[in-house]
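Fold and geometry: a report
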Amino acid sequence: NAGVTQTPKFRILKIGQSMTLQCTQDMNHNYMYWYRQDPGMGLKLIYYSVGAGITDKGEVPNGYNVSRSTTEDFPLRLELAAPSQTSVYFCASSYSSTSYNEQFFGPGTRLTVL
Amino acid sequence: QQPVQSPQAVILREGEDAVINCSSSKALYSVHWYRQKHGEAPVFLMILLKGGEQKGHDKISASFNEKKQQSSLYLTASQLSYSGTYFCGTEWNSGAGSYQLTFGKGTKLSVIP
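One structure accompanies this document, and this report is about it. (Residues numbered from 1 in each chain as written. Chains lettered and ligands numbered in written order. Predicted model: local features only at pLDDT ≥ 70, side-chain atom pairs only at ≥ 80, totals over all residues. Heavy atoms only, no water.)

With that settled, the discussion passes to the sheet that holds strand E3 (residues 19-25) of chain A. Residues and elements named next belong to chain A. Taken in spatial order, the 4 strands of this open sheet run E1-E3-E8-E7, and their pairing is antiparallel. Looking along the sheet, the strands with just one partner apiece sit at the ends: strand E1 (4-7) and strand E7 (64-66). Averaged over all pairs of adjacent strands, the angle between their axes in this sheet comes to 20°, without regard to strand direction. In this structure, E1 lies alongside E3, joined through 4 bridges in antiparallel fashion. Pairing of Thr5 across the sheet is with Thr24, part of E3. (Pairing = 2+ DSSP bridges. Helix = DSSP H or I, 4+ residues; strand = E, 2+ residues; numbered from the N terminus. Axes fitted to C-alpha atoms, helices over the stretch in contact; angles between N-to-C directions.)

In structure tokens form, the structure reads like this:
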């Protein structure tokens, strides 16, 4: 199993550009999450999904969109990139409810907006 | 609300012990602990559920006091491989049977020879 994979690993965007961060998991997990990590600030939840077709906002959703058409894939869309979106983005997945299940993290995408 | 971790950073010599604390103002369902090495993804260490149980593997253990809404991570006889940033994640009910984790800012642990 590859676990959780993310592409790209690095990306530089210009202000106002758009892009999609890809996330795929091969563990048949129902729950998937997108976090952003800024230096010294921990992980902030952007969006999450409890299954195909079901998504919900996390703590910091503004400027982002998600979709979940399959169990495996959970892409994150950035529209009109801003310097405040410079961060490391992690995708994660878990089998079921957080209470009893660890989250598996992908390797991350380092995004710089100039 | 983001849980508060303390200390923010700690430097240990190999073989020394450390305690990392995590406290929340919200009622908690569980506490998760993760370790992240520089430039890598966070890796799961353990989950503690309501009930005050103490868990551990190898020389890393943790406790969860739900009355005080606190958890502590204990690292015994530290090894160089323990270096990294430790995050606690506190779980709360976001509605409709769904739960979210809110992570603390992390504690940077450095183990030196």
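What follows deals with the interface of chain B and chain A. At the junction of the two partners, chain B supplies 23 residues and chain A supplies 24 residues. When the two sides are added together, the surface that chain B and chain A hide from each other amounts to roughly 1800 Å², 56% of it contributed by carbon and sulfur. When the buried surface of chain B facing chain A is broken down by residue, B:Pro42, B:Gln100 and B:Phe103 rank first, second and third, together holding 25% of it. Here chain B is connected to chain A by 0 salt bridges. Applying the counting rule to chain B against chain A returns 3 residue pairs in polar contact (both at pLDDT 80 or more). For the side of chain B that touches chain A, the secondary-structure elements that each account for two or more residues are strand E4 (30-36), strand E5 (43-49), strand E9 (84-95) and strand E10 (98-103) of chain B. In terms of residue count, E10(B) provides more of the side of chain B that touches chain A than any other element does, 5 residues in total. Residues that form the side of chain B that touches chain A fall into these classes: 11 nonpolar, 9 polar and 3 charged. (Contact = heavy atoms within 4.5 Å. Buried area = accessible area lost by both parts, 1.4 Å probe. Salt bridge = Lys/Arg side-chain N within 4 Å of Asp/Glu carboxyl O. Polar contact = N/O pair within 3.5 Å; in protein donor to acceptor, adjacent residues only side chain to side chain. Nonpolar A, V, L, I, M, F, W, Y, C, P; charged D, E, K, R; others polar.)

What the rule picks out here adds up to 9 aromatic pairs over all chains. Each ring, one from B:Tyr34 and one from B:Phe103, has its centre 5.7 Å from the other, and the planes form 70°; the classification is edge-to-face. Of the two residues, B:Tyr34 sits in strand E4 while B:Phe103 sits in strand E10, which places them 69 residues apart along the sequence. Of the two residues examined, B:Tyr34 and B:Phe103, each falls in the buried class. Members of the aromatic cluster, connected to one another through ring pairs, are A:Tyr31, A:Tyr33, A:Tyr35, A:Phe90, A:Phe105, B:Tyr34, B:Phe44 and B:Phe103. (Phe/Tyr/Trp six-rings, centres within 6.5 Å; stacked < 30°, edge-to-face > 60°. Buried < 20%, exposed > 50% of the residue type's maximum accessible area, 1.4 Å probe, protein only.)

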